[in-house]
Amino acid sequence: MTYKFNMATSDADDSLYPIAVLIDELRNEDVQLRLNSIKKLGTIALALGVERTRTELIPFLTDTIYDEDEVLLALAEQLGSFTPLVGGPEHVHCLLPPLESLATVEETVVRDKAVDSLRIIADQHSQSDLENYFVPLVKRLAGGDWFTSRTSACGLFSVCYKRVSTNVKAELRQNFRSLCADDTPMVRRAAAGKLGEFAKVVESDYLKSDLIQLFNMLAQDEQDSVRLLAVEASVSIASLLPSEDTEQLVMPTLRQAAEDKSWRVRYMVADKFTELQSAVGPEITKNDLVPAFQSLLKDCEAEVRAASAHKVKDFCQALSPDVREQIIMNNMLPCVKDLVADANQHVKSALASVIMGLSPILGKENTIEHLLPLFLTQLKDECPEVRLNIISNLDCVNEVIGIKQLSQSLLPAIVELAEDTKWRVRLAIIEYMPLLAGQLGVEFFDEKLNSLCMTWLVDHVYAIREAATLNLKKLVEKFGKDWAQQTVIPKVLQMSRDQNYLHRMTCLFCINLLAEPLGQDLTTRLMLPTIITMGSDPVANVRFNVAKTLQKLAPHLDQSSIQTQVKPLLEKLKADGDMDVQYYALEALEGLK
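- For the chain, the Sequence similarities (unreviewed entry) comment in UniProt is given as "Belongs to the phosphatase 2A regulatory subunit A family."

The following block contains the structure:
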């Protein structure tokens, strides 16, 4: 039988009418209307008052847990913030029945959201309510017939354990142990995922006697999806134990995980490696984690090598200072050299994103001798992402070895790429140029790279010329108007007199893009006269681009220039012998009205 509650119009004033509509919509056949109403549950509860919310609304909601998933998801989320609306912490337990039902449904996201809300309201229970209402709910879920309820139970132990009596704690530990040994892999997976969290609230003695045993059991589970979550738990467990206990109780299992037959487990070890390093301390790192890390960097699976490569800088940085350089030079660098030439581009890219960070750790001499050759190799890699990651982090190396050494070593390679016969390689370097400019500074840029940027403007490939104009705009934004006036504008305007009409067109494209960063004064004073002159160009393509440019530039020009120079030229072009020129001149004049 469906639970009902009413809001009779006879005893409700007109201001509550919208609430009555919302309540009716909770029962509507239209999913969207039910969803809208669920999202306004707080408003309904406020209007009903705490008494009617507890005695009518909550039972009604508990009775409607057979709905569309998105409605149930919204309900699970709303109930987490419902404590004030049912009368505060002393009545919070009345929210448990609907959330318990939601924690058993088939759809995972709904269950997860219900568990999130249960975790929130657990803190709002008094100790007696926690034992009388919340813990029995956890036990019911943990002993449920369906795996869905048992997976939900796993996330609730840690939020109630600390605040219950000794006897209840023993029962909770026993329940958790049963879930770790559950027949269903999904339940063991959920338990493994929450093991680290539970370990943080369990007393030290029970951590060693109970939870370590569960950790070792889960870490040897037949399902790799369970084993990899046990690896995650090991970080929490190791951080809670003294060093000698970690060595004895956790490390044997971790060593096994680093060599697991499933690459997904090894990937998880690689992904969590620096967290493990922090948890186990310097001594265990030196003896156990260094060889394990070398092994992961040489793994047969590219995904594992990539995950390990990402951690190289952080791992080296966190090594104990007294052994750091020795370990990097003897153990890490040989692996890194192999990875630079790896067959997989994701591995090379992962390494390239962090390898420059080794420079400050190793110092100037080691960087020049050992790292620069590797940077050069990666800078010439066929994969654009590898090159980008190296160029993006040049400032790390610049700070260690100085701009002079950097320009002697790496700049020639960048220039070589900038002049590569393959236009796509040239295009890639253009896109990095503003980044490089920012890292190297204006003086160095003008001396070494400025002429390259200007050469690209007259490249025979249109895509390069287009990218070069955009590059100029970014450089002007970075270095400012004064730099543009001295360095860029004269060269751009010079192109307006080039014999090749394509270069004259590029001049117009540059002006289009530079007007905004240069501002009204410079655009009117320096650019406009050149555009006016180009209005008499012998090539029709140039003339109609003049008309288009004038329309675009109008917002960056003062009114007197528009009246005295722009409009007369457009009137002249409107009578041009070429149809396209006429069309664009007319369109520009319309735009100026």
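And the narrative resumes.
### Description of empty space enclosed by the protein
Here is step 1 of the chain: Inspection of the entire model under this criterion finds two cavities of 30 Å³ or more.
Here is step 2 of the chain: Its boundaries defined by the atoms lining it, the second largest cavity holds a volume of some 50 Å³.
Here is step 3 of the chain: Looking at the second largest cavity, the residues that line it are Met251, Leu254, Arg255, Ala258, Val269, Phe273, Leu276, Asp288, Leu289 and Ala292.
Here is step 4 of the chain: If you list the elements that add at least two residues to the lining of the second largest cavity, you get helix 14 (243–258), helix 16 (273–280) and helix 17 (282–297).
Here is step 5 of the chain: Residue contributions to the lining of the second largest cavity peak at four residues, all from helix 14.

### Points about the side chain of Asn512
Here is step 1 of the chain: Summarising the element assignment, Asn512 is placed in helix 31 (residues 501–534).
Here is step 2 of the chain: Among residues more than four places away in sequence, those in contact with Asn512 are Thr549, Lys552 and Leu553.

### What to know about the nonpolar core
Here is step 1 of the chain: Counting residues in hydrophobic clusters, the biggest one holds 211 residues, and the most contacted among them are Phe82, Phe134 and Ile355.
Here is step 2 of the chain: Among the elements that make up this core, the one with the highest residue count is helix 31 (13 residues).
Here is step 3 of the chain: Once you skip the residues sitting within four places of it in the chain, Phe82 turns out to touch Leu41, Gly42, Ala45, Thr53, Leu57, Ile58 and Leu95.

### Some remarks on the packing of helix 13 (residues 224–240) against helix 14
Here is step 1 of the chain: Two numbers describe how helix 13 lies on helix 14: the axes approach to 11 Å, and their chain directions differ by 160°. It follows that helix 13 is roughly antiparallel to helix 14 by the angle criterion. With respect to the hand of their crossing, helix 13 and helix 14 are arranged in left-handed fashion. Contacts from Val231, Ser234, Ile237 and Ala238 in helix 13 reach Thr246, Val250, Leu254 and Ala257 in helix 14.
Here is step 2 of the chain: Broken down by class, the residue content of the contact of helix 13 with helix 14 amounts to six nonpolar, two polar and no charged.

### With respect to the pattern of salt bridges
Here is step 1 of the chain: Overall, the coordinates contain 25 salt bridges when judged by the stated rule.
Here is step 2 of the chain: Lys272 is the partner of Glu232 in a salt bridge, and the nearest nitrogen-oxygen pair spans 3.9 Å. Pair noted here: Glu232 is in helix 13 and Lys272 is in the loop between helix 15 (263–271) and helix 16, with a separation of 40 residues, a long-range link.
Here is step 3 of the chain: Judged by relative accessible area, which is 32%, Glu232 ranks as partly exposed.
Here is step 4 of the chain: The partner of Arg543 in a salt bridge is Asp576, with the nearest N and O atoms 2.8 Å apart. Of this pair, Arg543 sits in helix 32 (residues 540–553) while Asp576 is found in the loop between helix 33 (559–574) and helix 34 (579–592), placing the two residues 33 residues apart along the sequence. Of the two residues, Arg543 and Asp576, neither departs from the other in class, the shared state being buried.
Here is step 5 of the chain: Taken together, the shared-partner salt bridges in this structure form one network comprising Arg173, Arg177 and Asp210.

### Quick look at the packing of aromatic side chains
Here is step 1 of the chain: Evaluation of the coordinates by the stated rule reveals 11 aromatic pairs.
Here is step 2 of the chain: Aromatic side chains Tyr583 and Tyr584 sit 5.1 Å apart centroid to centroid with 80° between the ring planes, which places their arrangement in the edge-to-face category.
Here is step 3 of the chain: Taking the relative accessible area as the measure of exposure, Tyr584 reaches 21% and is therefore partly exposed.
Here is step 4 of the chain: Seen from the ring of Tyr584, Lys548 lies directly overhead, with NZ or CZ sitting 4.9 Å from the centre.

### Section: the layout of surface pockets
Here is step 1 of the chain: In this structure, the largest pocket occupies an estimated 350 Å³ of space.
Here is step 2 of the chain: Surrounding the largest pocket, 17 residues form its lining, Thr108, Asp112, Thr151, Ser152 and Ala190 being those nearest its centre.
Here is step 3 of the chain: Taken together, the elements giving at least two residues each to the lining of the largest pocket come down to helix 6 (108–122), helix 8 (147–154) and helix 11 (185–199).

### So, a negative patch on the surface
Here is step 1 of the chain: Taken together, the side chains of Glu68, Asp69, Glu70 and Glu106 make up a negatively charged region of the molecular surface.
Here is step 2 of the chain: Summarising the element assignment, Glu106 is placed in the loop between helix 5 (96–102) and helix 6.
Here is step 3 of the chain: Under the relative-accessibility criterion, Glu106 is labelled exposed at 71%.

### With respect to the environment of Asp210
Here is step 1 of the chain: Among the structural elements, Asp210 can be located in helix 12 (residues 204–219).
Here is step 2 of the chain: Its relative accessible area of 13% is what places Asp210 among the buried residues.
Here is step 3 of the chain: Taking C-alpha positions, Asp210 is 8.1 Å from Arg173, a pair spaced 37 residues apart along the chain.
Here is step 4 of the chain: With sequence-adjacent residues up to four places away left out, Asp210 is seen in contact with Arg173 and Arg177.
Here is step 5 of the chain: A distance of 2.6 Å separates the side chain of Asp210 from the side chain of Arg177, its partner in a polar contact.

### Examining the confidence of the model for the chain
Here is step 1 of the chain: Per-chain confidence: the chain averages 83 in pLDDT, with 94% of residues scoring 70 or above.
Here is step 2 of the chain: Here residues 1–17 is a poorly scored stretch, pLDDT under 50, and it has 25 contacts once near neighbours within four places are set aside; other chains count.

### Regarding helix 6
Here is step 1 of the chain: Over its 15 residues, helix 6 runs 21 Å from end to end, which matches the ideal 21 Å to within 8%, given 1.5 Å per residue.
Here is step 2 of the chain: All of the buried residues along helix 6 are Val110, Arg111, Ala114, Val115, Ser117, Leu118, Ile121 and Ala122. Along the long axis of helix 6, the arc covered by the buried residues comes to 165°, so they all point the same way.
Here is step 3 of the chain: Residues of helix 6 that are buried sit in contact with helix 4 (69–79), helix 5, helix 7 (127–142), helix 8 and helix 9 (157–160).

### Thoughts on helix 15
Here is step 1 of the chain: Residues Val265, Arg266, Met268, Val269 and Ala270 constitute the buried set of helix 15.
Here is step 2 of the chain: Packed against the buried residues of helix 15 are helix 13, helix 14, helix 16, helix 17 and helix 18 (302–310).

### Observations concerning the environment of Cys383
Here is step 1 of the chain: Topologically, Cys383 is positioned in the loop between helix 22 (358–379) and helix 23 (384–392).
Here is step 2 of the chain: The class for Cys383 is buried, based on a relative accessible area of 6%.
Here is step 3 of the chain: Residues Cys383 and Gln294, spaced 89 residues apart in sequence, show a C-alpha to C-alpha distance of 25 Å.

About the thresholds
- Residues numbered from 1 in each chain as written.
- Predicted model: local features only at pLDDT ≥ 70, side-chain atom pairs only at ≥ 80, totals over all residues.
- Heavy atoms only, no water.
- UniProt positions renumbered as here; feature names shortened; annotations may be inferred.
- 1 Å grid on protein atoms, 1.4 Å probe; cavity = no way out; pocket = protein on both sides within 12 Å on 5 of 7 lines; lining within 4 Å.
- Points joined across faces, edges and corners; volume = space filled by probe spheres on them.
- Helix = DSSP H or I, 4+ residues; strand = E, 2+ residues; numbered from the N terminus.
- Contact = heavy atoms within 4.5 Å.
- Core = buried A, V, L, I, M, F, W, Y, C linked by side-chain atoms within 4.5 Å.
- Buried < 20%, exposed > 50% of the residue type's maximum accessible area, 1.4 Å probe, protein only.
- Axes fitted to C-alpha atoms, helices over the stretch in contact; angles between N-to-C directions.
- Parallel < 35°, antiparallel > 145°, perpendicular 65-115°, else oblique.
- Left-handed = near helix turned anticlockwise from the far one by under 90°.
- Nonpolar A, V, L, I, M, F, W, Y, C, P; charged D, E, K, R; others polar.
- Salt bridge = Lys/Arg side-chain N within 4 Å of Asp/Glu carboxyl O.
- Phe/Tyr/Trp six-rings, centres within 6.5 Å; stacked < 30°, edge-to-face > 60°.
- Lys NZ or Arg CZ within 6 Å of the ring centre and 35° of its normal.
- Patch = residues over 30% accessible without salt bridge, like charges linked within 9 Å, V, L, I, M, F, W, Y side chains within 5 Å.
- Areas by Shrake-Rupley, 256 points an atom, 1.4 Å probe, with all protein chains shown as cover.
- Lys, Arg positive; Asp, Glu negative; His and termini not counted.
- Charge placed at Lys NZ, Arg CZ, Asp CG, Glu CD.
- Polar contact = N/O pair within 3.5 Å; in protein donor to acceptor, adjacent residues only side chain to side chain.
- pLDDT = per-residue confidence, 0-100.
- Expected span 1.5 Å × (residues − 1).
- Arc of directions from axis to C-beta.

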